[in-house]
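The chain contents come next:
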Amino acid sequence: MNSKALPRQVNNPEVGVYECEINLKFRLIEEKSLLRDREQLLHVLLDALAEGSDDFLEMLQQVVKVHQTTELKASPQMRRQLMRLRNSNEMNQ
């Protein structure tokens, strides 16, 4: 799954590692065949959620938890990316 980073804030160049948990409960009208392919279903759900509730999607509950965590819990690739971001911020100042 490809993800897009949030736009970088120019005013605050501090970056960190965060753990995010999202719990969603909703009702959805969809073809049964889509429910067999979890990755495709996830893409459809994310697109539907981005568009908002409509006649085919009814949001029942949403809980979002985010907290900063130690960089050591991040993968080596994520730590390298964090160093690149910090270095690029230092160069731009």
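Not measured: the values here are computed from a predicted model.

Caption draft 1: Structural context of a nonpolar patch on the surface. A cluster of nonpolar side chains, namely Tyr18, Ile22, Leu24, Val64 and Val66, defines an oily patch on the protein surface of about 490 Å² accessible area. Elements supplying a minimum of two residues to the nonpolar patch: β1 (17–28) and β2 (57–69). In terms of residues, the nonpolar patch owes the most to one element, β1, which gives 3 residues. Considering the arrangement of structural elements, one finds Tyr18 in strand β1. Accessibility expressed as a relative area gives 47% for Tyr18, which makes it partly exposed.

Caption draft 2: Helix α1 (residues 38–51), seen in detail. Taking 1.5 Å of rise per residue, 14 residues should cover 20 Å, and α1 covers 20 Å from first to last C-alpha, within 8% of that figure. The first or second residue beyond α1 is Gly52, which carries a positive phi of 100 degrees.

Caption draft 3: Representation of the environment of Lys25 within the structure. Looking at the secondary structure, you find Lys25 in strand β1. As for Lys25 and Glu58, which are separated by 33 residues in sequence, their C-alpha atoms are 8.9 Å apart. Apart from residues lying up to four places away in sequence, Lys25 is in contact with Met59, Leu60 and Gln61.

Parameters and conventions
Residues numbered from 1 in each chain as written. Predicted model: local features only at pLDDT ≥ 70, side-chain atom pairs only at ≥ 80, totals over all residues. Heavy atoms only, no water. Patch = residues over 30% accessible without salt bridge, like charges linked within 9 Å, V, L, I, M, F, W, Y side chains within 5 Å. Areas by Shrake-Rupley, 256 points an atom, 1.4 Å probe, with all protein chains shown as cover. Salt bridge = Lys/Arg side-chain N within 4 Å of Asp/Glu carboxyl O. Helix = DSSP H or I, 4+ residues; strand = E, 2+ residues; numbered from the N terminus. Buried < 20%, exposed > 50% of the residue type's maximum accessible area, 1.4 Å probe, protein only. Expected span 1.5 Å × (residues − 1). Contact = heavy atoms within 4.5 Å.

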